[in-house]
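# Fold and geometry: a report
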Amino acid sequence: MSPQPIPRYIERLALKIANEEAAEAHKASTLEGAQAILDRLEAESEAAGFGSVKTYIEALSRDPKGVEPPEGTNPTSAFWSHGVEHPDAPLNWRNENFLDNRYVAEAWARTQNKRQLGTAQTLETTEGGRQLNRMYLFEDTVREVLGGDSQGFTYEWARGVWANISETYAAAARGQVIVFAESAHTRSILYNQELPALHTNPYVGVDNVKFAYAPSKQWPEASRNEIGAHQIRAQVQVDDPTLPHYVDVAAYAKQDPVERQEALAAECASVTVERNARAAAKAAATSTTNETEVPEAEEATAAESEVPETVPLTVKDPVRPQPSAHIPVWQVGFKPVPVKNEARASTPAAGLTDPPVPDLGKQATGTGLE
């Protein structure tokens, strides 16, 4: 049976959350709203002992305590990227009605938590994520009031802050996780920060990354079956042939089955090596920064000639919790609403159309995370 579109109850709740968030972002974009954010951040940073608002925000984005679930809970962590056009969604920066997958993920998490409290979360529902979200750093007025480009409050800086907390969130995940996207676009934080961190997270690993959406219906069947496997989509990319780990879904389906599967396995192996090296280098850099001792057996850097097959772990045989929430498999898009035909016999009934196919060139509306 083919995957069904996003359920209507999820669609309605996601739109509600998205429009509420858009209203709050609009308030933040006013001079009065931006000034209120600055006043709050100055008070918070001073109370926390930071010398500036900027260092306070940056520290928040790297603090693992801010993205940990409440004590006694073990939620399934959700991740997201991109979204889909919807006539009732807020306008994005391109003046399009666009529903970020963030809100689909949040609607899913709310539904799961209503059934059983503490079983699902998104970054934006963690304490640190909520704090960062309330700053509305992608609003030009907010960044200008904070100090503007000349003081380092640029769009790129804001995106970097969200990238940092996203990676921190991924590193704190436990057990099976769910990704609300068809695939990971090479411009996205999902591809560049979250998936690598999940891959090398000893409590998750690439086999525990599950996509909520089935592969695109535009892919050939062989590509949907093979490249569309969860662990494969968590490693390769299908949008930019100029970048590493690209797989052409159309050409792939025409190749010899044995040869293409061997080539795909080799590509995934190279992704693993690259991500392990990155994780090892990051761990080494963090240890140096914190001036802590690292056991000799755990020392590794990206400059080493040979990279171990797995990242050196401080935890032996980590226990990976079973998923506490239901993991769906949907097709991107929404069930079309039947159109009532007022004319009886003179006009044929309006036909149903396929769910809209997302344009990977679009960026997300709320946070700029794509």
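So, here's what we can say about the structure. Remember, it's a predicted structure, so these values are computed and weren't measured experimentally.

Rules of the game
- Residues numbered from 1 in each chain as written.
- Predicted model: local features only at pLDDT ≥ 70, side-chain atom pairs only at ≥ 80, totals over all residues.
- Heavy atoms only, no water.
- Axes fitted to C-alpha atoms, helices over the stretch in contact; angles between N-to-C directions.
- Helix = DSSP H or I, 4+ residues; strand = E, 2+ residues; numbered from the N terminus.
- Left-handed = near helix turned anticlockwise from the far one by under 90°.
- Contact = heavy atoms within 4.5 Å.
- Nonpolar A, V, L, I, M, F, W, Y, C, P; charged D, E, K, R; others polar.
- Phe/Tyr/Trp six-rings, centres within 6.5 Å; stacked < 30°, edge-to-face > 60°.
- Buried < 20%, exposed > 50% of the residue type's maximum accessible area, 1.4 Å probe, protein only.
- Lys NZ or Arg CZ within 6 Å of the ring centre and 35° of its normal.
- Core = buried A, V, L, I, M, F, W, Y, C linked by side-chain atoms within 4.5 Å.
- Pairing = 2+ DSSP bridges.

## What to know about the packing of helix α1 (residues 8-28) against helix α4 (residues 101-115)
Direction vectors running N to C along α1 and α4 enclose 115 degrees, while the axes themselves pass 8 Å from each other. Viewed along their axes, α1 and α4 form a crossing whose handedness is right-handed. Touching Tyr-9, Ile-10, Leu-13, Ala-14, Ile-17, Ala-18 and Glu-21 of α1 are Arg-102, Tyr-103, Val-104, Glu-106, Ala-107, Trp-108, Arg-110, Thr-111 and Arg-115, all from α4. Class assignment for the residues of the contact of α1 with α4 results in 10 nonpolar, 1 polar and 5 charged.

## Digging into the packing of aromatic side chains
This model, assessed by the stated rule, comprises 7 aromatic pairs. With a centroid separation of 5.6 Å and 55 degrees between ring planes, the pair formed by Trp-108 and Phe-180 is classed as tilted. Residue Trp-108 is found in helix α4, and its partner Phe-180 is found in strand β6 (residues 177-180); the two are separated by 72 residues along the sequence. Overall, Trp-108 belongs to the buried group, its relative accessible area being 2%. Chaining the aromatic ring pairs together yields one cluster made of Trp-108, Phe-180, Tyr-213 and Trp-330. Over the ring of Tyr-203 we find Arg-174; its NZ or CZ atom is 3.9 Å from the centre of that ring. In this structure, Arg-233 is placed above the aromatic ring of Phe-211, and the distance from its NZ or CZ to the ring centre is 4.5 Å.

## Some points on the nonpolar core
Of all hydrophobic cores here, the largest spans 46 residues; its most connected members are Ile-57, Phe-79, Leu-137, Leu-198 and Val-209. Broken down by secondary-structure element, the contributors of at least two residues to this core are α1, α2 (31-47), α3 (53-62), α6 (140-146), α7 (155-171), β6, α8 (189-199) and β7 (209-211). Top element by residues in this core is α7. It accounts for 8 residues. Setting aside its immediate chain neighbours within four residues, Val-209 contacts Val-177, Val-179, Leu-195, Leu-198, Val-204, His-230 and Ala-234. Core analysis: the next-biggest nonpolar cluster, separate from the first, contains 27 residues, Ile-10, Trp-80, Tyr-213 and Phe-334 among them.

## Side note on the sheet that holds strand β5 (residues 120-122)
Hydrogen bonding along the main chain pairs the strands of a sheet, whether they run parallel or antiparallel. Taken together, the 4 strands give an open sheet; going across it, the order is β5-β2-β6-β7, and neighbouring strands pair in parallel fashion. Because the sheet does not close on itself, it has two edges, and the strands there are β5 and β7. Between one strand axis and the next, the sheet turns by 30 degrees as a mean value, whatever way the strands run. Summarising the sheet, β6 and β7 pair through 3 bridges and their orientation is parallel. Looking at the pairing, Val-179 lines up with Phe-211 of β7.

The values reported here are purely geometric and, on their own, carry no functional implication.
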